[in-house]
Amino acid sequence: DSPDTSNVRDNSMDSVVQLRHSKPSILVVDDNFYNIMVIQEMAKAEGMTCYSAQNGQQAIDKVRECHSKCQRLDLIFMDCEMPLLSGLETTSILRKMMEDNEIPEIPIVGMSGLQEKDMLKKTKEAGMSEYILKPVTENTFKRLTKKYCC
């Protein structure tokens, strides 16, 4: 005789449904708190959850934390120039984690206040999905979140 499993419930689909129906969430990574606040306000106005990190290591830790808690991240806004661990280095690490199936695929938008000639090339090499100049405007924010979060 096989054991009666009629009362056993599989919760794996509950998590999938919960992730699909939760509001969009983003992570903003910038060493300038003002830049974080600007994007947080735009996210709040759009009804999104917004996490923040002030350096690359905090970003990696936050992505791991969200994944371990089954909290979806739809998009990461990543400052390219940060002390300790740059946004380019952080993105390369996160892309490797995605390749190794440690975390799910997440689009990463690189941001910079500097208009450098070869920054677009550097961001693509690091694995960033797009590259924008700061400050992030409301139109740019809406375009990117519509593209990646919906």
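The text that follows walks through the structure, step by step, so that each part is easy to find.

Reading guide: rules and limits
Residues numbered from 1 in each chain as written. Predicted model: local features only at pLDDT ≥ 70, side-chain atom pairs only at ≥ 80, totals over all residues. Heavy atoms only, no water. Helix = DSSP H or I, 4+ residues; strand = E, 2+ residues; numbered from the N terminus. Buried < 20%, exposed > 50% of the residue type's maximum accessible area, 1.4 Å probe, protein only. Contact = heavy atoms within 4.5 Å. Areas by Shrake-Rupley, 256 points an atom, 1.4 Å probe, with all protein chains shown as cover. Core = buried A, V, L, I, M, F, W, Y, C linked by side-chain atoms within 4.5 Å. Pairing = 2+ DSSP bridges. Axes fitted to C-alpha atoms, helices over the stretch in contact; angles between N-to-C directions. Phe/Tyr/Trp six-rings, centres within 6.5 Å; stacked < 30°, edge-to-face > 60°. Salt bridge = Lys/Arg side-chain N within 4 Å of Asp/Glu carboxyl O. Parallel < 35°, antiparallel > 145°, perpendicular 65-115°, else oblique. Left-handed = near helix turned anticlockwise from the far one by under 90°. Nonpolar A, V, L, I, M, F, W, Y, C, P; charged D, E, K, R; others polar.

## Points about the overall build of the protein chain
Part 1 of the reasoning: Tallying secondary structure elements over the protein chain gives six helices and five strands in all.
Part 2 of the reasoning: The helix and strand sequence of the protein chain, counted from the amino end, reads α-β-α-β-α-β-α-β-α-β-α.
Part 3 of the reasoning: For the protein chain, the residues scored as buried account for 41% of the 150 residues in total.
Part 4 of the reasoning: Considering only contacts in the protein chain between residues 6 or more positions apart, those separated by 24 or more positions represent 65%.
Part 5 of the reasoning: Total accessible area on the protein chain stands at roughly 9000 Å², and carbon and sulfur atoms take up 51% of it.

## Remarks on the nonpolar core
Inside soluble globular proteins, nonpolar side chains tend to come together where they are buried.
Part 1 of the reasoning: Of all hydrophobic cores here, the largest spans 25 residues; its most connected members are Leu27, Val29, Val63, Ile76, Met78 and Leu94.
Part 2 of the reasoning: For this core, the elements supplying multiple residues, two or more each, are strand E1 (25–29), strand E2 (49–53), helix H3 (56–68), strand E3 (75–79), helix H4 (87–99) and helix H5 (119–126).
Part 3 of the reasoning: Residues contacting Leu94, with those up to four places away along its chain left out, are Ile60, Val63, Ile76, Met78, Ile103 and Ile108.
Part 4 of the reasoning: By size, the runner-up hydrophobic cluster in this structure holds 17 residues, among which are Val28, Ile36, Ile39 and Leu144.

## Quick word on the sheet that holds E3
Part 1 of the reasoning: Spatially, the five strands line up as an open sheet ordered E2-E1-E3-E4-E5, and their pairing is parallel. Each edge of the open sheet carries a strand with a single partner, namely E2 and strand E5 (130–133). On average, adjacent strands in this sheet sit at an angle of 20° to one another, irrespective of strand direction.
Part 2 of the reasoning: Where E1 lies against E2, five bridges are found, and the strand directions are parallel. Bridged to Val28 within E2 is Ser52.
Part 3 of the reasoning: In this fold helix H6 (residues 138–149) packs onto E1, E3, strand E4 (108–112) and E5, with an angle of close to 165° to the strand it touches most, E5.

## A closer look at the packing of aromatic side chains
Part 1 of the reasoning: One pass over the structure, following the stated rule, counts one aromatic pair.
Part 2 of the reasoning: On the numbers, 5.8 Å between centres and 20° between planes, the contact of Phe77 with Phe141 is stacked. In this pair, Phe77 sits in strand E3 while Phe141 sits in helix H6, placing the two residues 64 residues apart along the sequence.
Part 3 of the reasoning: Note on Phe77: relative accessible area 0%, which makes it buried.

## So, the pattern of salt bridges
Oppositely charged side chains can pair when the atoms bearing their charge come close.
Part 1 of the reasoning: Going through the model one piece at a time under the given rule, you end up with 15 salt bridges.
Part 2 of the reasoning: Between Glu65 and Lys69 there is a salt bridge whose closest N-O contact spans 3.2 Å.

## Brief notes about the packing of H3 against H4
Part 1 of the reasoning: Two elements in contact, H3 and H4, have axes separated by 9 Å at closest approach and are oriented at 25°. Between H3 and H4, the crossing angle belongs to the class labelled roughly parallel. Of the two possible hands of crossing, H3 and H4 adopt the one that is right-handed. The segment H3 lies against H4, with Gly56, Ala59, Ile60, Val63 and Arg64 engaging Thr90, Ile93, Leu94 and Met97.
Part 2 of the reasoning: Here the contact of H3 with H4 is built from residues that sort into six nonpolar, two polar and one charged.

As far as function goes, none of this settles anything; it's purely spatial.
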